[in-house]
Amino acid sequence: MASEKIILSGDEAVAEAALCCGVNLGVGYPGTPSTEVLEHLSKIGGKAQWAPNEKVALEVGAGVGFGGGRTIVTMKHVGLNVAADPLFTLAYTGTKGAIVVLVADDPGMASSQNEQDNRNYAKAAKLPMLEPSDSQEAYDFMIRAVEISEKFQIPVMLRMTTRVCHSKCIVDRWKPVEQPKVFDFELAVKERVMVPAFAKPAHVRLEDKMKQIAASAEANVLAQKETGSADLGIICSGISYQHVKEAFPEASVLKLGLTWPLLIEPVKEFVSGVKRCVVVEEGDKFLAEAIRAAGVEVEAKADAFLFGELSVSRVKKLVAGDTTPEPAAAPGRPPQLCPGCPHRKSFEGLRDLNCIVSGDIGCYTLGTLPPFNAMHTTVCMGASIGVALGLRRSLKEEDARRVVSVIGDSTFMHSGLTGVAEMVYNRPATGHLLVILDNSTTAMTGLQEHSATGRYLNMEPANQINIEAVCRAMGVDHVDVIDTTVEHERYMALVKERLASNDVSIIIAKRPCILQIKKLAKFQKGGAK
Amino acid sequence: MSKAVTNVLFAGIGGQGIILASDLLSEMAFRCGFDVKKSEIHGMSQRGGSVSGDVRFGEKVYSPMIPAGEADYLVVLSEDQVEVCKNMVNENTVILTPAVLGDFDPGKSLNVAMLGALNAGLKLDKEIWFGLLREHFKGELAEINIAAFERGEASVK
Ligand SMILES: Cc1ncc(C[n+]2csc(CCOP(=O)(O)OP(=O)(O)O)c2C)c(N)n1
Ligand code: SF4
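Residues numbered from 1 in each chain as written. Chains lettered and ligands numbered in written order. Predicted model: local features only at pLDDT ≥ 70, side-chain atom pairs only at ≥ 80, totals over all residues. Heavy atoms only, no water.

Further remarks concern the sheet that holds strand β1 (residues 4-9) of chain A. The sheet built from 7 strands is open, its strands ordered β1(A)-β8(A)-β2(B)-β3(B)-β1(B)-β4(B)-β5(B) with mixed pairing. The open sheet has two edge strands, β1 of chain A together with β5 (94-96) of chain B, and neither has a second partner. Going across the sheet, the axis of each strand differs from the next one's by a mean of 25 degrees, ignoring polarity. Two strands pair when backbone bridges link them, and β1 of chain A and strand β8 (residues 168-173) of chain A are joined in this way by 6 bridges, in the antiparallel orientation. (Pairing = 2+ DSSP bridges. Helix = DSSP H or I, 4+ residues; strand = E, 2+ residues; numbered from the N terminus. Axes fitted to C-alpha atoms, helices over the stretch in contact; angles between N-to-C directions.)

Residues and elements named next belong to chain A. Reading across the sheet, the 4 strands line up as β9-β11-β10-β13 and stay open at both edges, with mixed pairing between neighbours. Edge positions in the open sheet fall to β9 (223-226) and β13 (276-280), since each of these has one partner strand only. Strand after strand, the sheet turns through a mean of 15 degrees between neighbouring axes, direction not considered. Note: strand β10 (residues 229-236) against strand β11 (residues 251-256), 5 bridges, orientation parallel. Residue serine 229 lies in a different strand from β11, and its bridge partner there is alanine 251.

The next thing to look at is helix α18 (residues 409-425) of chain A. Spacing of three or four residues puts side chains on the same side of an α-helix, whose turn is 3.6 residues. The largest bend in α18 of chain A is about 70 degrees, located at serine 415 of chain A. Burial in α18 of chain A covers these residues: Asp409, Ser410, Thr411, Phe412, Met413, His414, Ser415, Gly416, Gly419, Val420 and Met423 of chain A. (Bend = angle between axes of the 7 residues up to and from the residue. Buried < 20%, exposed > 50% of the residue type's maximum accessible area, 1.4 Å probe, protein only.)

Here we come to the site of ligand 1. Residues and elements named next belong to chain A. Around ligand 1 sit 26 residues, and of these Glu54, His343, Cys363, Asp409 and Thr411 come closest. Here histidine 343 contributes a side-chain N or O atom positioned 2.8 Å from an oxygen atom of ligand 1. Between ligand 1 and threonine 411, the relevant distance is 2.6 Å, taken from an oxygen atom to a side-chain nitrogen or oxygen of the residue. Relative to its unbound accessible surface of 590 Å², ligand 1 loses 98% to contact with the protein. Looking at the shell around ligand 1, the elements with two or more residues in it are α4 (79-93) and α18. Examining the composition of the shell around ligand 1, we find that 4 residues originate from one element, α18, more than from any other. Of the residues that constitute the shell around ligand 1, the class distribution is 10 nonpolar, 13 polar and 3 charged. The residues that make up the shell around ligand 1 include at least three from each of domain 1 (4-220) and domain 3 (343-526). (Near = heavy atom within 4 Å. Polar contact = N/O pair within 3.5 Å; in protein donor to acceptor, adjacent residues only side chain to side chain. Areas by Shrake-Rupley, 256 points an atom, 1.4 Å probe, with all protein chains shown as cover. Nonpolar A, V, L, I, M, F, W, Y, C, P; charged D, E, K, R; others polar. Domains from an automatic or database assignment.)

Residues and elements named next belong to chain A. Assigned domains of chain A: these are domain 1 (4-220), domain 2 (223-320) and domain 3 (343-526). Distance between the C-alpha centres of domain 1 and domain 3: 32 Å. With 16 residues of domain 1 in contact, the opposing surface of domain 3 contributes 14 residues. Note on domain 1 versus domain 3: buried area summed over both sides is about 1100 Å², and carbon and sulfur give 60% of it. On the domain 1 side of the interface with domain 3, the three residues burying the most area are Tyr29, Trp50 and Gln113, jointly 40% of the side's total. Here domain 1 is connected to domain 3 by 0 salt bridges. Across the domain 1-domain 3 interface, the total number found is 4 residue pairs in polar contact (both at pLDDT 80 or more). Put simply, the parts of the chain that give the side of domain 1 that touches domain 3 at least two residues each are α2 (36-43) and β3 (48-50). (Contact = heavy atoms within 4.5 Å. Buried area = accessible area lost by both parts, 1.4 Å probe. Salt bridge = Lys/Arg side-chain N within 4 Å of Asp/Glu carboxyl O.)

Below, the discussion takes up the interface of chain A and chain B. Often the size quoted for an interface is simply the accessible area lost on bringing the parts together. Contacts between chain A and chain B engage 38 residues on the former and 34 residues on the latter. Together chain A and chain B conceal approximately 3000 Å² of surface at their shared face, both sides included; 60% is due to carbon and sulfur atoms. Together, Arg163, Glu246 and Arg333 of chain A form the three largest contributors to the area buried by chain A at its contact with chain B, with a combined 23%. Across the chain A-chain B interface, the total number found is 2 salt bridges. Among the salt bridges present, the one from lysine 168 of chain A reaches aspartate 23 of chain B, with a minimum N-O distance of 3.1 Å. Where the side of chain A that touches chain B is concerned, the elements lending two or more residues are β1, α7 (162-166), β8 and α11 (239-247) of chain A. Ranked by the residues each element gives to the side of chain A that touches chain B, the list is headed by α11 of chain A, at 6 residues. Its residues assigned to classes, the side of chain A that touches chain B shows 22 nonpolar, 8 polar and 8 charged. Bridge count between β8 of chain A and strand β2 (residues 35-41) of chain B: 2 bridges; the pairing is antiparallel. If you follow cysteine 169 of chain A over to β2 of chain B, its bridge partner there is lysine 37 of chain B.

Next comes the structure, spelled out in structure tokens:
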């Protein structure tokens, strides 16, 4: 195939590269800004599927790699917290086929609950991490990640950030498409069974692999040096590189494509060739600290730049050491629940009954804003249930009886099931009430299907998990399914009754998201995208 | 380098077609032979929040984000977004709001009509524009959008 140039977002470029590498499976859980990778992979003919959560996604990916196939596992930054358990031990087991773990960080929190910098995970889990700075590199580095993963038999992390995921630029798709391959099973018990006797040598092997990677040609080509003025040298990676090139066109620049393991030799050589060397990075002072720990003196950014995204103007200030506060951008229109959104009625009821609402993450988190003011805690996906059960243990009885958990259907399948197990097993003296807002989609991240919608990622019909039956089977005392928009009186009466009792109860507020209804109508007309 | 790059900022409300307008301009710039980068902020746009798209094109573009104060054109589909974008403009920025269209109401083609108004300044090849619109919009929608583009362009001249 002749190379072909088109405009792609970073997410789309990764998907195109995954297709070229012949991945057997793309698997993940939706989360801004990573969601479009699997959606695009499916659209261009690759096999892609949504797992119930990121941990399961990575475990499925592990199996693909153990079998010898290639996989890309996608998630947003906080998804890696959920998947961290398999991640750390997969570093020990290694893999036969390529496992690429794409994590999309969100500095500036365009749509996230924290700004965690996942480069720290690469260091903690001892895995190589590549960081593309635009869509072309997203494409190229996905291919490099597959090569490194298979050569060194280790999962590779591909770290993107919101601006790399969602910005578009011209991409040269230079690699011909390969078909996925299947393999004979190969027994490798000492590599794949992590009991202490096998894990001890595996840890030693891992440290050794990381040293080999740091010394390899594959890693060293990813450190790109651009010699400019000797007065100012800048070390950077990812999107920061683009801002640096615009802010300081004359500076010497060292762009690290591989940010872990740190390649200290090219860094030393670069630093020795410039009078002043500044590390420009978003998020934590990860590179600066690693370089200094290796005994090379570089300037780290001021604490003021730990927060938010960088930009051309912020990079100028960072290099000048200027920490004066920046003019706040004018606030745009805040998001709100769509007019006609079924969540509205559910929240109006909880507000009018003066409930203490332990919330979760989804469109419905907007229930915390006026006119509802009906969500009082939000931590992470699935936390609504555990947090509420804890509240009921520490509040005085009249307040404990006002505590309600609220969770969406996608979040329930992601991490609500274990919360229900806790509720049924360690039931508080006052019982508890969980409201599942079942709008038949993952609306927040752009209407993705999940294990309880009855459709696959590509919209074909799938087995549908019956949430009501699951809750009953788990031993919940009362499970009611209700459309809170048409049976509002009944909803109010039920909430009151359940809160007054000492039972553990679930109300499933069931009515599809209005945008999901539109999407399905469009799909049925054959206009599926 | 900054004037070798043209910076167009689009702003509006979720659902108005800001992302499509910025995608079309990016594709257009690409077809005209420029390097191009596009970036967008669309947090939770389904719920009527502010949406913006930065398109930058020229010989070589690095950052995908328009630096504060450096928009050459600000195209808003909802008047109140002019205020939201005030830190992005300078005294030479051309600001285009739906008011430039006068009594022409393009309905759902507002985004394309505003691309026409923008092209009065950018002067990119109209045949390439029309080809692009025909690829993007099917059937009679293509002609409706081409007409909206032309009315938009004419209203600024
Ligand atoms: C661990 C983790 N993964 C993914 C996300 C991104 N995310 C936030 S809410 C959500 C699911 C929303 O779906 P649902 O619970 O059904 O609520 P809805 O938006 O449909 O109201 C997702 C995927 C996240 N915040 N944390
Ligand atoms: S997208 Fe759906 S769930 Fe989200 S606010 Fe709109 S109607 Fe409600």
